[in-house]
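Residues per chain are reported as follows:
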Amino acid sequence: MVTHACRRQIVRWIWRWSVCPMDASRGHMSFCSTRQEHHQSSHTRQVPQRPGAQLNVRSLLEMGFSETQADEMHEGALKSRGKHIPSILTVLLVLGLNPASILKIMQKCPEMYSLKGAEIQQRIDNLRKLGLVEGSLQRVISHYPKVMVLPIKRVNMVSRLLKEKCHFTVQQVTDILRDSPEVLEEDLARLEYKFQYAYFRMGVRQAEMVKAKMFRLTLSELRCRHCFLERRGLYQTPDKKGQTLILIPLLKDFLCVSEETYLTQVAMATAEEFHVFCKLIEREQEEEFSNEEQELGDDDDDDDDDYDEKHWKTGYKRDKK
């Protein structure tokens, strides 16, 4: 979190930007450092400025960026032709991110240069509404900055699917978004299919899925690890009472581990055997999913206007093994 001194510095930067009058010809606020600089440049107002000219290295140094960081940030601003970069940096600094983290975020997701500070703030506020608190919020944005360019409607749609279709609690949805933010980009039909595969086919309940960080894996990875154990006689779907005839590993013990650990300590197999098996499983999965999507398309011909519901159907068949 930013210190009291850093917050005072941020206030000074905001004041400096606010005292600079609007550039009517360009439609954005110049990134001036003093009133004197503004008066000196008032006679050259008609001269076209380069994109990103409102953000200079000196201003970045005042924010706390090192010389190298300031040069890299300024170069990125020029390439992006962004018009609202000062407001974006303000939002990220007030959030408590340090200059090094901000630079990495912008390098990972240069699409952020094209946004406005207000748009970034709206997305941050929405993530807070979904339960991401201070600390978790900063880690999610640093690890997965693309969450800042995803439409709010998309983020809320994934959250709604997890709660209403997959029956996760509000806290469990928050944990999923914190630990597996990539889930926000996943196809909704495949996302629900993955949940139903784990729930019906593997006999796993929601709490265990969250604990094992299951949504970090793709459907192919999940299915490969599960089926490989099953066909080697090391996994069995629990009955309605949660009982099995053999002792099976916990979900976290074969999902939250490296492939090497999985093969040597759980599956007791070679990498070659596992990779050949995975290729066969992936081929089966694509054929199955393609056929089911085609069936859904035929069923939804009369419901094309209901976009959300159409994309939430998966057609998962519980009796498929």
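Going by what an unreviewed UniProt entry lists, the chain is known as Transcription termination factor 4 and is assigned to Triplophysa rosa. In its Sequence similarities (unreviewed entry) section, the UniProt entry covering the chain states "Belongs to the mTERF family."

Novice: In this structure, what is going on with helix α11 (residues 188-201)? I would like to understand it.
Specialist: Given 3.6 residues per turn, any residue in an α-helix points the same way as the ones three and four places further on. The end-to-end C-alpha distance of α11 is 19 Å, a good match for the 20 Å that 14 residues give at a rise of 1.5 Å each. Of all 14 residues in α11, 11 are buried; the element is thus mostly enclosed. Among the residues of α11, L188, A189, L191, E192, Y193, K194, F195, Q196, Y197, A198 and R201 are the ones counted as buried. Looking one or two residues beyond α11, the residue adopting positive phi is G203, at roughly 75°.

Novice: What is the right way to look at the packing of helix α13 (residues 219-231) against helix α15 (residues 259-267) in this model?
Specialist: Relative placement of two packed helices is described by the angle separating their axes and the distance separating the axes. Remark: α13 packs on α15, axes separated minimally by 12 Å, with the N-to-C direction vectors making an angle of 20°. The angle between the axes of α13 and α15 places the two elements in the roughly parallel class. Between α13 and α15 lies a crossing of right-handed hand. Contacts between α13 and α15 involve C224, R225, F228 and L229 on the former and, on the latter, E259, Y262, L263, V266 and A267. Residues belonging to the contact of α13 with α15 are distributed by class as follows: 7 nonpolar, no polar and 2 charged.

Novice: I keep staring at the packing of aromatic side chains and nothing clicks. Help me out?
Specialist: Aromatic rings considered in pairs are described by the distance between their centres and by the relative angle of their planes. Summed over all chains, the structure comprises 8 aromatic pairs. Here F168 and F215 contribute two aromatic rings whose centre-to-centre distance is 5.8 Å and whose plane-to-plane angle is 70°, an arrangement assigned as edge-to-face. With F168 in the loop between α9 (152-164) and α10 (170-179) and F215 in the loop between α12 (206-211) and α13, this residue pair connects regions lying 47 residues apart in the sequence. Take F168 and F215: they sit in the same class, and that class is buried. Three or more aromatic residues joined by ring pairs form one cluster here, namely F168, F195, Y199, F200 and F215. Positioned over the ring face of Y262 is R225, at 4.8 Å from the centre of the ring.

Cut-offs and rules
- Residues numbered from 1 in each chain as written.
- Predicted model: local features only at pLDDT ≥ 70, side-chain atom pairs only at ≥ 80, totals over all residues.
- Heavy atoms only, no water.
- UniProt positions renumbered as here; feature names shortened; annotations may be inferred.
- Helix = DSSP H or I, 4+ residues; strand = E, 2+ residues; numbered from the N terminus.
- Expected span 1.5 Å × (residues − 1).
- Buried < 20%, exposed > 50% of the residue type's maximum accessible area, 1.4 Å probe, protein only.
- Axes fitted to C-alpha atoms, helices over the stretch in contact; angles between N-to-C directions.
- Parallel < 35°, antiparallel > 145°, perpendicular 65-115°, else oblique.
- Left-handed = near helix turned anticlockwise from the far one by under 90°.
- Contact = heavy atoms within 4.5 Å.
- Nonpolar A, V, L, I, M, F, W, Y, C, P; charged D, E, K, R; others polar.
- Phe/Tyr/Trp six-rings, centres within 6.5 Å; stacked < 30°, edge-to-face > 60°.
- Lys NZ or Arg CZ within 6 Å of the ring centre and 35° of its normal.

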